[in-house]
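As a plain string of letters, each chain reads:
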Amino acid sequence: MANFARFITVDFSQFDWLNRIDADVLLDVGDLSPDLLTVPGKDAQRVLSEVVRLVLDLPRNSTPLVVWTKGDSELLIHSDQTRIQFSSGVITVTVSAECEEHGKLSIPVPIGVGTKQSPSGLVMSTFEDLEGPEELILAWRDAIQAFAWESVLEVASVFCAEVGNDKRGLPLVPGAIAAAPKKMLVQPVARFSLMPGV
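Residues numbered from 1 in each chain as written. Predicted model: local features only at pLDDT ≥ 70, side-chain atom pairs only at ≥ 80, totals over all residues. Heavy atoms only, no water.

Right, let's talk about a negative patch on the surface for a bit. Taken together, Glu74, Glu100, Glu101, Glu134 and Glu135 make up a surface patch of like negative charges. Within the element layout of this structure, Glu74 appears in strand β3 (residues 73-78). (Patch = residues over 30% accessible without salt bridge, like charges linked within 9 Å, V, L, I, M, F, W, Y side chains within 5 Å. Areas by Shrake-Rupley, 256 points an atom, 1.4 Å probe, with all protein chains shown as cover. Salt bridge = Lys/Arg side-chain N within 4 Å of Asp/Glu carboxyl O. Lys, Arg positive; Asp, Glu negative; His and termini not counted. Charge placed at Lys NZ, Arg CZ, Asp CG, Glu CD. Helix = DSSP H or I, 4+ residues; strand = E, 2+ residues; numbered from the N terminus.)

Encoded structure:
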């Protein structure tokens, strides 16, 4: 998971719901931050609009378009038209794509993430079949789902990094992602280390 927070130009001081941890709160490995983040859908969309460019490796001032290529097949992704919506236990990322055979399409990717009452940590799932032309979905399903999943994870990561750092000075990361109607729920946590003592 990349740390995209430092590349985001959103003014987080405008988010009056975002509670940062006090400097004297020293979270150890695996400790939860005091507050579960309840991110309004419109604020998640603002961050997503910047995160998708980073997920797709698009430079800041370049075109928002990217072409995916697989063999003789190409798919044009309109990154600036990616949308995120929330319902109970489900985050839906809608990917705007275009190809010669089918023109421009909006492909929703529903991702099951759990609820506040039934949390699932970072366990997420989606459908094997997506909505759209069968041959396009068969060819591009994995790439579309991976793009949607990474975008959700990175939006949550950006908000967690804004909450603060652990006692090692490392930005907090998501320990759980859930959804409620029009809201993303994120639990920031002090990251684990795969290398003891680091």
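Moving on: the sheet that holds strand β1 (residues 37-40). Reading across the sheet, the three strands line up as β1-β9-β8 and stay open at both edges, with antiparallel pairing between neighbours. Looking along the sheet, the strands with just one partner apiece sit at the ends: β1 and β8 (173-180). On average, each strand axis in the sheet is tilted by 25 degrees relative to the strand beside it, whichever way the strands run. Direction of pairing for β1 relative to strand β9 (residues 183-189): antiparallel, over a ladder of four bridges. Across the sheet, Val39 pairs through a bridge with Met184, a residue of β9. (Pairing = 2+ DSSP bridges. Axes fitted to C-alpha atoms, helices over the stretch in contact; angles between N-to-C directions.)

Summarising the sheet, strand β2 (residues 65-70) and β3 pair through six bridges and their orientation is antiparallel. Pairing of Trp68 across the sheet is with Leu75, part of β3. As consecutive antiparallel partners, β2 and β3 are separated by two residues, and within that stretch Gly71 has a phi angle of approximately 60 degrees, a positive value.

Counted under the stated rule, the structure contains six salt bridges. One salt bridge connects Asp28 with Lys167, and the closest N-O pair in it is separated by 3.5 Å. With Asp28 in the segment before β1 and Lys167 in the loop between α2 (134-163) and β8, this residue pair connects regions lying 139 residues apart in the sequence. Residue Asp28 is classed as partly exposed on the basis of its relative accessible area, which comes to 34%. The network of salt bridges with common partners includes Asp129, Arg141 and Asp142. (Buried < 20%, exposed > 50% of the residue type's maximum accessible area, 1.4 Å probe, protein only.)

Taking 1.5 Å per residue as the helical rise, helix α1 (residues 41-55) with its 15 residues ought to reach 21 Å, and the 20 Å between its terminal C-alpha atoms agrees with that figure. Taking the largest bend as the criterion, α1 deviates by roughly 30 degrees, centred on Ser49. Counting buried positions along α1 gives twelve out of 15 residues, so the element sits mostly inside the fold. If you check which residues of α1 are buried, you get Gly41, Asp43, Ala44, Gln45, Val47, Leu48, Glu50, Val51, Val52, Arg53, Leu54 and Val55. Lining the buried residues of α1 we find β1, β4 (83-87), α2 and β9. Of the residues one or two after α1, Asp57 is the one with positive phi, at around 60 degrees. (Expected span 1.5 Å × (residues − 1). Bend = angle between axes of the 7 residues up to and from the residue. Contact = heavy atoms within 4.5 Å.)

Attention now moves to the packing of aromatic side chains. Aromatic ring pairs are reported here in terms of the distance separating the ring centres and the angle at which the planes meet. Taken as a whole, this structure holds seven aromatic pairs when the rule is applied. Look at Phe15 and Phe159: their rings are 6.2 Å apart centre to centre, the planes differ by 45 degrees, and that puts the pair in the tilted class. In this pair, Phe15 sits in the segment before β1 while Phe159 sits in helix α2, placing the two residues 144 residues apart along the sequence. Judged by its relative accessible area of 3%, Phe15 falls in the buried class. The class of Phe159 is buried, set by a relative accessible area of 0%. (Phe/Tyr/Trp six-rings, centres within 6.5 Å; stacked < 30°, edge-to-face > 60°.)

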